[in-house]
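Here is what each chain is made of, one letter per residue.
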Amino acid sequence: GTDQRDGIVVISVVPGSPAATAGLQPRDIITEVDGRELTTEGDFPGIIFEKKPGDTLRLSVDRNGQTETVTVTLGTQPSR
C-alpha cells in the first residue's frame, strides 16, 4: 500500500526497546541510515554490525508518505 520502492518495512516494535523509545512504528519504512540509502533488506544488518551499543543512528523514515528523521540509540542484544 505504498509507492515507496527502496527501504525496509518495520513489522513490529518491541515495547521498551530502543526502536520503541525512538518512536519507530509498525509500517514505517526505513529508507536511510546515517545518510546511507537502504536498497535491500541486507543493507540494514551490515550497517548495524559496524556499530556498538550506545552508538546512535539517524534513520530517515517514510511514515504515511511523509519523511521523518528518527534517532535511535543502540542497545545490547537480548540473551537467548
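It should be emphasised that the depicted structure is a prediction, and the values quoted were computed from it without experimental measurement. (Residues numbered from 1 in each chain as written. Predicted model: local features only at pLDDT ≥ 70, side-chain atom pairs only at ≥ 80, totals over all residues. Heavy atoms only, no water.)

A.B. asks: If you had to explain the pattern of salt bridges to someone new, which residues and values would you point to?
C.D. replies: Scanning all chains against the criterion turns up five salt bridges. Across the pair K51 and D34 runs a salt bridge, and its minimum N-O distance is 3.3 Å. Residue K51 is located in the loop between α2 (43–48) and β4 (56–63), and its partner D34 is located in the loop between β2 (29–33) and β3 (36–37); the two are separated by 17 residues in the primary sequence. Judged by its relative accessible area of 31%, K51 falls in the partly exposed class. On the basis of relative accessibility, which here comes to 34%, the residue D34 falls in the partly exposed class. For R36, the salt bridge is made with E50, and the minimal N-O distance between the two is 2.9 Å. Taken together, the residues span a long stretch of sequence, with R36 in strand β3 and E50 in the loop between α2 and β4 at a distance of 14 residues. (Salt bridge = Lys/Arg side-chain N within 4 Å of Asp/Glu carboxyl O. Helix = DSSP H or I, 4+ residues; strand = E, 2+ residues; numbered from the N terminus. Buried < 20%, exposed > 50% of the residue type's maximum accessible area, 1.4 Å probe, protein only.)

A.B. asks: Before we move on, could you go through unusual backbone geometry and cite the residues and values that matter?
C.D. replies: Glycine aside, negative phi is the norm for most residues, and most peptide bonds take the trans geometry. Positive phi, normally seen in glycine, also occurs at D34, with a value near 50°. Residue N64 is not a glycine yet carries a positive backbone phi of 55°. Mapped onto the secondary structure, N64 falls in the loop between β4 and β5 (66–73).

A.B. asks: Summarise the environment of S17; cite the residues concerned and give the values.
C.D. replies: Relative to the assigned elements, S17 resides in the loop between β1 (8–9) and α1 (18–22). Taking the C-alpha atoms as reference, S17 lies 25 Å from G65; in sequence the two are 48 residues apart. A polar contact is formed between the side chain of S17 and the backbone oxygen of V14, at a distance of 2.7 Å. (Polar contact = N/O pair within 3.5 Å; in protein donor to acceptor, adjacent residues only side chain to side chain.)

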